[in-house]
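# Understanding the architecture of this molecule
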Amino acid sequence: MMHPDVLGWAATVVLIATLVRQMIKQWQSPHPETVSKWLFVGQMTASTLFTIYSALLGSTVFVVTNALLLLTAVIGQVLAWRRRQRTHPTPPG
């Protein structure tokens, strides 16, 4: 019989691949400002709390998954910020 963690790891791979694809699509979008910064803030907060919760429960699959979700949120926020800086530079002074 298959160990339940195999399903968890498979779900992690699918979820992270989907999020990475979405980040690439957003990065390439001519309108990067259409995604709310609050989406990233909420995702970062939830992922941080879920990572801690998963660690307290001792669930390696969910610690890794939630840590990767946090990483994608941070990378997404950085990419969106850099894109906004390039398309709408702040005037000096």
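Bear in mind that the values here come from a model prediction, so they are computed numbers and not experimental data.

The predicted model of the protein chain has a mean per-residue pLDDT of 81, with 87% of residues at 70 or higher. The element-level mean pLDDT for the protein chain is lowest in helix α1 (residues 4-28), coming to 82, with helix α3 (residues 60-87) highest at 85.

What follows concerns the side chain of Thr51. Residue position: Thr51 is located in helix α2 (residues 37-57). Once you skip the residues sitting within four places of it in the chain, Thr51 turns out to touch Val63, Asn66 and Ala67.

On the secondary structure map, Thr72 appears in helix α3. You can call Thr72 buried: its relative accessible area is 7%. Those residues in contact with Thr72, other than ones at most four positions away along the chain, are Ile16, Leu19, Met23 and Gln43.

Another point: the environment of Leu69. Structurally, Leu69 can be placed in helix α3. In this structure the C-alpha to C-alpha distance between Leu69 and Val20, which are 49 residues apart in sequence, comes to 9.9 Å. Sequence-distant contacts of Leu69, defined by excluding residues within four places in its chain, comprise Leu15, Ile16, Leu19, Gln43 and Ser47.

Each full turn of the α-helix corresponds to 3.6 residues, which orients residues three or four apart in the same direction. Between its first and last C-alpha, α1 extends 37 Å over 25 residues, near the 36 Å set by a 1.5 Å rise per residue. Where the residues of α1 are buried, they touch α2 and α3.

With that out of the way, let us pick up the environment of Trp27. Inspection of the secondary structure puts Trp27 in helix α1. Along the chain, Trp27 and Leu79 lie 52 residues apart, while their C-alpha atoms are 6.9 Å from each other. In contact with Trp27, not counting residues within four places along its chain, are Leu79, Arg83 and Arg86.

This part covers α2. Between its first and last C-alpha atoms α2 spans 30 Å; for 21 residues at 1.5 Å apiece the expected length is 30 Å, and the two agree. For α2, the complete set of buried residues consists of Phe40, Ser47, Thr51 and Ser54. Projection of α2 onto a plane perpendicular to its axis shows the buried side chains occupying an angular sector of 75°, all on one side. Along α2, exposed side chains directed more than 90 degrees from the buried face belong to Trp38, Leu49, Leu56 and Leu57.

Viewed as axis vectors pointing N to C, α2 and α3 meet at an angle of 160°, and their least axial separation amounts to 8 Å. As the angle between them shows, α2 and α3 are arranged roughly antiparallel. The way α2 lies across α3 gives a crossing that is left-handed. On α3, the residues that touch Lys37, Phe40, Gln43, Met44, Ser47, Thr48, Phe50, Thr51, Ser54 and Ala55 of α2 are Phe62, Val63, Asn66, Ala67, Leu69, Leu70, Thr72, Ala73, Val74, Gly76, Gln77 and Ala80. Counted by class, the contact of α2 with α3 contains 12 nonpolar, nine polar and one charged residues.

What counts, and at which threshold
Residues numbered from 1 in each chain as written. Predicted model: local features only at pLDDT ≥ 70, side-chain atom pairs only at ≥ 80, totals over all residues. Heavy atoms only, no water. pLDDT = per-residue confidence, 0-100. Helix = DSSP H or I, 4+ residues; strand = E, 2+ residues; numbered from the N terminus. Contact = heavy atoms within 4.5 Å. Buried < 20%, exposed > 50% of the residue type's maximum accessible area, 1.4 Å probe, protein only. Expected span 1.5 Å × (residues − 1). Arc of directions from axis to C-beta. Axes fitted to C-alpha atoms, helices over the stretch in contact; angles between N-to-C directions. Parallel < 35°, antiparallel > 145°, perpendicular 65-115°, else oblique. Left-handed = near helix turned anticlockwise from the far one by under 90°. Nonpolar A, V, L, I, M, F, W, Y, C, P; charged D, E, K, R; others polar.

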